[in-house]
Amino acid sequence: KPIDYKGKVMVFTDAIFMDEPARIQFLYELKHFNGIERSLFLENRYSEIACLFQMIGNELQNPYNGTQKQILSNYLFNILLIRNKLLSPIQTSFDSDFELVKRFKKQVHKEENINRSIKYYAMALNVSVTTLEKAFKKQELKTPKRWLINLIVLEIKQKLIYNELPTKELAAGYGFSEVTNFIKFFKKHTGVTPKQFRLNQHQNQ
């Protein structure tokens, strides 16, 4: 309706649940996270949603500490659970492209070393690379390779921030046989080396 509304927008990525496999799989089950589900008004649960939004806002004003990410992910997960409960009675049509993208993301998170080729993942899903790329571009407006690179970079950043693993161990964990290749990969996509990124984060805290 032509009425002026006041509202808030919350922007997040799947990285918020990076260390919680069950939650990130739940996230990929939700069509609205991928922008292909219709909007849903939450008037029946407005007070709870508003409270959770306020709690998130309050927490973001606090100085950073080791538990903040967990607190924020808990608040956000509760919002998603409420929305999913309201959405569940609504019948949604089957979308083969969405299902393929969802399967791809699940497969990625099953791998101990996610830094594998798109061909490897396509074979695991029993589809061609072309089919996977077309579905992904339709749903995500980017290639699966770009999504995978973004995910790997986000994971590396989190590990650099939240633990003190040496660069050599991080490189091995992501399938880089040479530390120099790992450093080049990270710098190519962030503009800084892992050491510089970690140092900058420590200085900002």
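Within every chain, residues take consecutive numbers counted from 1 along the sequence as written. A pLDDT threshold of at least 70 governs which residues receive local features in this predicted model, and a stricter bar of 80 or more applies before side-chain atom pairs are shown or counted, although totals over entire chains, interfaces and linings include all residues. Side-chain descriptors were evaluated using all non-hydrogen atoms of the structure, hydrogens and water having been removed beforehand.

(A) Structural detail: the overall build of the protein. Summing up its helical and strand segments, the protein has 10 helices and 0 strands in all. Mapped in sequence order, the helices and strands of the protein form the string α-α-α-α-α-α-α-α-α-α. Burial classes: relative accessible area under 20% of the type maximum marks a residue as buried, over 50% as exposed, and values in between as partly exposed (1.4 Å probe, protein chains only). With 205 residues in all, the protein has 37% of them scored as buried. Contacts are assigned to residue pairs that have any heavy atoms within 4.5 Å of one another. Across the protein, contacts joining residues at least 24 apart in sequence account for 68% of those joining residues at least 6 apart. Surface accessibility of the protein: about 12900 Å² in total, with carbon and sulfur atoms responsible for 53%. Helix and strand definitions here come from DSSP, where helices need a minimum of 4 consecutive H or I residues and strands a minimum of 2 consecutive E residues; each element is numbered from the N-terminal end. For accessible areas, the Shrake-Rupley method is used with a probe of radius 1.4 Å. Any residue's cover is judged against the shown protein chains and nothing else.

(B) Broad picture of the pattern of salt bridges. Take a side-chain nitrogen of Lys or Arg and a carboxyl oxygen of Asp or Glu: if they are within 4 Å of each other, that pair is a salt bridge. If you walk through the whole model with that rule in mind, you get 6 salt bridges. Ionic pairing is found between E20 and R23, a salt bridge with its closest N-O pair at 3.3 Å. In this structure R23 comes out as buried when scored by relative accessible area, which is 19%. In this structure, the salt-bridge partner of R116 is E111, at a minimum N-O distance of 3.0 Å. Given the relative accessible area of 13%, E111 is considered buried.

(C) Local environment of the nonpolar core. Buried residues of nine kinds, namely Ala, Val, Leu, Ile, Met, Phe, Trp, Tyr and Cys, make up a nonpolar core once their side-chain atoms join them within 4.5 Å. In terms of nonpolar packing, the biggest core is built from 40 residues, with F17, F104, V108, W147 and I156 touching the most fellow members. The set of elements that each furnish at least two residues to this core consists of helix 1 (21-29), helix 3 (68-87), helix 4 (96-110), helix 5 (118-124), helix 6 (129-140), helix 7 (144-162), helix 8 (167-173) and helix 9 (179-190). With 8 residues, the single largest contributor to this core is helix 7. In terms of nonpolar packing, the next biggest core, distinct from the first, is built from 7 residues, I49, L72, Y75 and I79 among them.

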